[in-house]
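The lines below spell out each chain.
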Amino acid sequence: MKVKVQTLDAKGKGDIDLNDEIFGLEPRADILHRVVTWQLEKRRGTARATRERSDVARTGKKFGRQKGGGTARHGDRRAPIFIGGGKAHGARVRDFNPSLNKKVRTLGLKMALSSKAKAGQLIVMESLTVKDGKTKALAADLAKLGFGKTALVIDGDTVEQSFALASANLHAINVLPAIGANVYDILKADTLVLTRAAVEKLEARFNG
């Protein structure tokens, strides 16, 4: 698959051949749904478990006589009413660590990239260097390129520093290094923007 390579000032820089095994697959909704669901469940946090009556190490001996003591008819010291006793109806640990086969996760990422290429929502950039790192200049360049309402920009090993600085105040632009490419962020963005370095890293990641 051939895609035109552009620069931030909307000039052409030739073409790039994208691997059809990564960018030319037919997307499957069931695979994408499974990977997105797995991803969102993996990022959920769990509550720390609290100790209930059965978890507290205190004596189980009856606190006092049933009658005649002038106090309430308490049972053992593990009751929630006492300081140091077990908590009534406390938070419990819930398992939010679903498993998903690595081959399915890899296939999901390939299909997410392919879906953007197929829909014409993939842009390949030569580089992301922004002169002086100015947000105003970057916003004007992005308007010419037609990035859409939201865009995910993926660079190589690290994100170009001038672009990261210039895009920090542009809430519609999400920036990631190639290692952080994931299905959820790709599908959520209106436009996927890859640099040459990102394409090389992604193809090496799948072929390695």
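Residues numbered from 1 in each chain as written. Predicted model: local features only at pLDDT ≥ 70, side-chain atom pairs only at ≥ 80, totals over all residues. Heavy atoms only, no water.

The next thing to look at is the pairing of strand 2 (residues 12-17). Both strand 1 (residues 2-6) and strand 2 contribute to a ladder of four bridges, which runs antiparallel. Within strand 2, the position partnered with Lys 2 by the bridge is Asp 17. Linking strand 1 to strand 2, which pair antiparallel, is a turn of five residues; within it Ala 10 sits at a positive phi near 65°. (Pairing = 2+ DSSP bridges. Helix = DSSP H or I, 4+ residues; strand = E, 2+ residues; numbered from the N terminus.)

Our focus in this paragraph is the domain arrangement of the protein chain. When cut into domains, the protein chain gives domain 1 (2-45 + 101-207) and domain 2 (46-94). Placing the centre of domain 1 and that of domain 2 at their C-alpha centroids yields a distance of 55 Å. (Domains from an automatic or database assignment.)

Before going further, it helps to examine the packing of helix 3 (residues 102-118) against helix 7 (residues 196-207). Relative orientation of the contacting elements helix 3 and helix 7 amounts to 150°, with a least axis distance of 11 Å. One element, helix 3, and the other, helix 7, form an angle in the roughly antiparallel class. The handedness of the crossing between helix 3 and helix 7 comes out as left-handed. Contacts between helix 3 and helix 7 involve Thr 106, Leu 109, Lys 110 and Leu 113 on the former and, on the latter, Leu 202, Arg 205 and Phe 206. Per-class residue counts for the contact of helix 3 with helix 7 are four nonpolar, one polar and two charged. (Axes fitted to C-alpha atoms, helices over the stretch in contact; angles between N-to-C directions. Parallel < 35°, antiparallel > 145°, perpendicular 65-115°, else oblique. Left-handed = near helix turned anticlockwise from the far one by under 90°. Contact = heavy atoms within 4.5 Å. Nonpolar A, V, L, I, M, F, W, Y, C, P; charged D, E, K, R; others polar.)

A few words now on the pairing of strand 3 (residues 122-125). Each regular strand carries side chains that alternate between the two faces of the sheet. Residues Leu 122 and Val 124 point to one face of strand 3 and Ile 123 and Met 125 to the other, with burial holding for every one of them. Sheet topology places strand 1 next to strand 3; two bridges connect them, and they run parallel. Paired with Gln 6 across the bridge in strand 3 is Met 125. Note: strand 3 against strand 6 (residues 191-195), four bridges, orientation parallel. What sits directly across from Val 124, in strand 6, is Leu 194. (Buried < 20%, exposed > 50% of the residue type's maximum accessible area, 1.4 Å probe, protein only.)

Under the defined criterion, the tally for this structure stands at one aromatic pair. Here the aromatic rings of Phe 63 and Phe 82 are separated by 5.3 Å at their centres, their planes lie at 55°, and the arrangement is tilted. Of this pair, Phe 63 sits in the loop between helix 2 (29-42) and helix 3 while Phe 82 is found in the loop between helix 2 and helix 3, placing the two residues 19 residues apart along the sequence. Given a relative accessible area of 15%, Phe 82 falls into the buried group. Arg 77 extends its terminal NZ or CZ atom over the ring of Phe 82, reaching a point 4.7 Å from the ring centre. (Phe/Tyr/Trp six-rings, centres within 6.5 Å; stacked < 30°, edge-to-face > 60°. Lys NZ or Arg CZ within 6 Å of the ring centre and 35° of its normal.)

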